[in-house]
Amino acid sequence: MAAERMLISGGHRLEGVVHVSGGKNTAVAIIPATILSEAPCIVENLPDIEDVHVSIETLKHLGAQVDWDPALGTMRVDASTICRTDVPLELCRRMRASYYYIGALLARFGEATVPLPGGCDIGRRPIDQHIKGLRALGAEVDNHAGTVFARANGLIGSDIFMDMVTVGGTVNVMLAATRARGVTTIYNAAKEPHIVDLANFLGSIGCRVKGAGTDVIRIYGAEKLAARRSYAVIPDQIETGTLMIAAAATHGDVTITGCIPTHMEALTAKLLEMGARVEERDDAIRVRSLGAHRGVSFKTQVYPGFPTDLQQPMSALLCTAMGTSTIVENIFESRFRHLYEMERMGANVRIYEQTAVIQGIPQLHAAAVEASDLRAGAALVIAGLMAQGTTEIYNTHFIDRGYEHLEEKLNSLGAKISRIRE
Ligand code: EPZ
């Protein structure tokens, strides 16, 4: 893939209406889950992003028949033709969430061979809790030379207490438990919206799941599961938040449609605290911002706390908020690298381990900056929208992993963004 860079001419107010896409983190959990259905599955509202492409390529590699219409966001999967249970390293290197295929393949076929994704720029990201949960269901799981080998001669429902709240660990155990004999109870489970969405999808293929959205989730294993209707994934909570922040950052007036306002409450509260105006409707949020913003402080938490994935985009907005803002990153070990890039744009930041202290300045100026991961890229886009001059962002492929047509959406609201192929 040729390298590309994004050019953003800053200082343009965003105004108008934009529709949010289907959720990346729910899509990468539900696409592997289609393996569990003996009948063909239809999944709708999938975003046309790199992570979805890689997960679809994985299904095809395994032998499933997949029809994918990127314009409609609709995918049809017939998993009855799957003929192998190994995922190639090349696909795992392109998408961290490939490890969800462990739980899905183990449940359907009793085995899975999946190379581990490496750590990434935000932290080590081990999967010890995934392995602990799968072993509790009776699987033999070896993590040898960077590949996970999982085998099970029938899975048995069990009580599993997660040592820490982990979205991925909760998803993987839910997937495996669907075909375990008996009931599986996950204690200290993740409560993110995409956990609830996965539970609802599993319900649509005949698996009873209770308690999703709370910290105790019960999965009633079934001999057979078969899709009885199509399923549309929920809107992307993090894209919604990124667009809300971009609206405030440009002192604009943007209405985001097709979103779920209750998923956004932690961010909404902070934007209101800063002096922005946020109006919630049934499936839309309007963000307006006229005057200067007040600095705020927050700590990233598991849902419904402030999402770690919005910490980076929010840090860009705080660079020109009045006074001092403080961010504590509680979820990942090193999720502040984007701040060093923003320093090149004039940001006044100090980092003390898990805490970033941002002193507001009147304006950022354009610079050439590098995205180091998906949400760092989003943060730099927002900084570019705010900055005086034309900002260049390198490594735009990170952004394409998780945002569907981001610059088209922003340009439709009045931004001036283009791409140059190296
Ligand atoms: C999911 O990652 C998301 N990815 C992340 O979004 C998100 O930041 C994260 O949840 C938190 O909400 C997907 O859903 C595909 P965790 P995940 O397991 O599952 C530690 C984005 O930008 N941990 O909840 O990897 C882990 O290291 C991405 O869309 C263990 O120690 O997150 C981290 O410090 C970035 N052992 C913390 O728990 C384990 O076995 C939370 O991780 C698992 C996790």
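What you are looking at is a predicted structure, and each value in this text was computed from that prediction instead of being measured.

Definitions and limits used
- Residues numbered from 1 in each chain as written.
- Predicted model: local features only at pLDDT ≥ 70, side-chain atom pairs only at ≥ 80, totals over all residues.
- Heavy atoms only, no water.
- Helix = DSSP H or I, 4+ residues; strand = E, 2+ residues; numbered from the N terminus.
- Rg over C-alpha atoms; globule rule 2.2 N^0.38 Å.
- Buried < 20%, exposed > 50% of the residue type's maximum accessible area, 1.4 Å probe, protein only.
- Near = heavy atom within 4 Å.
- Polar contact = N/O pair within 3.5 Å; in protein donor to acceptor, adjacent residues only side chain to side chain.
- Areas by Shrake-Rupley, 256 points an atom, 1.4 Å probe, with all protein chains shown as cover.
- Nonpolar A, V, L, I, M, F, W, Y, C, P; charged D, E, K, R; others polar.
- Domains from an automatic or database assignment.
- Pairing = 2+ DSSP bridges.
- Axes fitted to C-alpha atoms, helices over the stretch in contact; angles between N-to-C directions.
- Contact = heavy atoms within 4.5 Å.
- Buried area = accessible area lost by both parts, 1.4 Å probe.

A. A look at the overall build of the protein chain. In terms of regular secondary structure, the protein chain is built from 14 helices and 23 strands. Over its C-alpha atoms the protein chain spans a radius of gyration of 21 Å, differing by no more than 12% from the 22 Å that the globule rule assigns to 422 residues. Considering only C-alpha atoms, the protein chain reaches an extent of 65 × 45 × 40 Å along its principal axes. When burial is assessed residue by residue, the protein chain has 57% of its 422 residues classed as buried.

B. Structural context of the site of the ligand. Near the ligand you find 23 residues, and of these Gln-129, Thr-166, Val-167, Asp-309 and Ile-331 are the closest. Within the backbone of Gln-129, an N or O atom sits 2.7 Å from an oxygen atom of the ligand. In this structure, an oxygen atom belonging to the ligand sits 2.8 Å away from a main-chain N or O atom of Gly-168. For the ligand, the protein covers 88% of the area, taking 820 Å² as the surface of the free molecule. Put simply, the parts of the chain that give the shell around the ligand at least two residues each are helix H1 (24-33), helix H5 (128-136), helix H6 (167-177) and helix H12 (374-386). When its residues are assigned to classes, the shell around the ligand shows eleven nonpolar, six polar and six charged. Counting the residues that make up the shell around the ligand, at least three belong to each of domain 1 (4-21 + 235-421) and domain 2 (24-232).

C. Local environment of H6. Burial analysis of H6 places ten of its eleven residues in the buried class, the great majority of the element. Measuring from the backbone nitrogen of Gly-168 back to the side-chain oxygen at the start of H6 gives 3.4 Å, which picks out Thr-166 as the cap.

D. The sheet that holds strand S21 (residues 368-370), seen in detail. Pairing within the open sheet is mixed, and its four strands lie in the order S21-S22-S1-S23. The outermost strands of the open sheet, each flanked by one partner alone, are S21 and strand S23 (416-421). Across this sheet, the average inter-strand angle for adjacent strands is 25°, counted without regard to direction. Taken together, the three bridges between S21 and strand S22 (residues 390-394) define a ladder with parallel strand orientation. Bridging from a neighbouring strand, Val-369 pairs with Ile-393 of S22. The sheet strands contacting H12 are strand S1 (4-9), S21, S22 and S23, and the helix crosses S1 at an angle near 35°.

E. The sheet that holds strand S2 (residues 15-19), seen in detail. Judged by pairing direction, the sheet is mixed, and its four strands sit side by side in the order S2-S14-S16-S15 without closing on themselves. One side of each edge strand has no neighbouring strand; the edge strands of this open sheet are S2 and strand S15 (277-280). This sheet shows a mean twist of 15° between the axes of neighbouring strands, independent of strand direction. As defined by bridge partners, S15 adjoins strand S16 (residues 284-288) across four bridges and the pair is classed as antiparallel. Each residue of the ladder has a partner; that of Arg-277, found in S16, is Arg-288.

F. Region of the structure containing helix H10 (residues 311-318). The element H10 is extensively covered by neighbouring structure, given that eight of its eight residues are classed as buried. Buried residues of H10: Gln-311, Gln-312, Pro-313, Met-314, Ser-315, Ala-316, Leu-317 and Leu-318, and no others.

G. Focus on the domain arrangement of the protein chain. Looking at the protein chain, the domain boundaries give domain 1 (4-21 + 235-421) and domain 2 (24-232). For domain 1 and domain 2, the distance between their C-alpha centres works out to 30 Å. On the side of domain 2, 19 residues touch domain 1, which itself brings 23 residues to the contact. Together domain 1 and domain 2 conceal approximately 1,800 Å² of surface at their shared face, both sides included; 51% is due to carbon and sulfur atoms. For domain 1, the biggest contributors to the area lost against domain 2 are Tyr-303, Arg-401 and Glu-404; these three give 33% of the whole.

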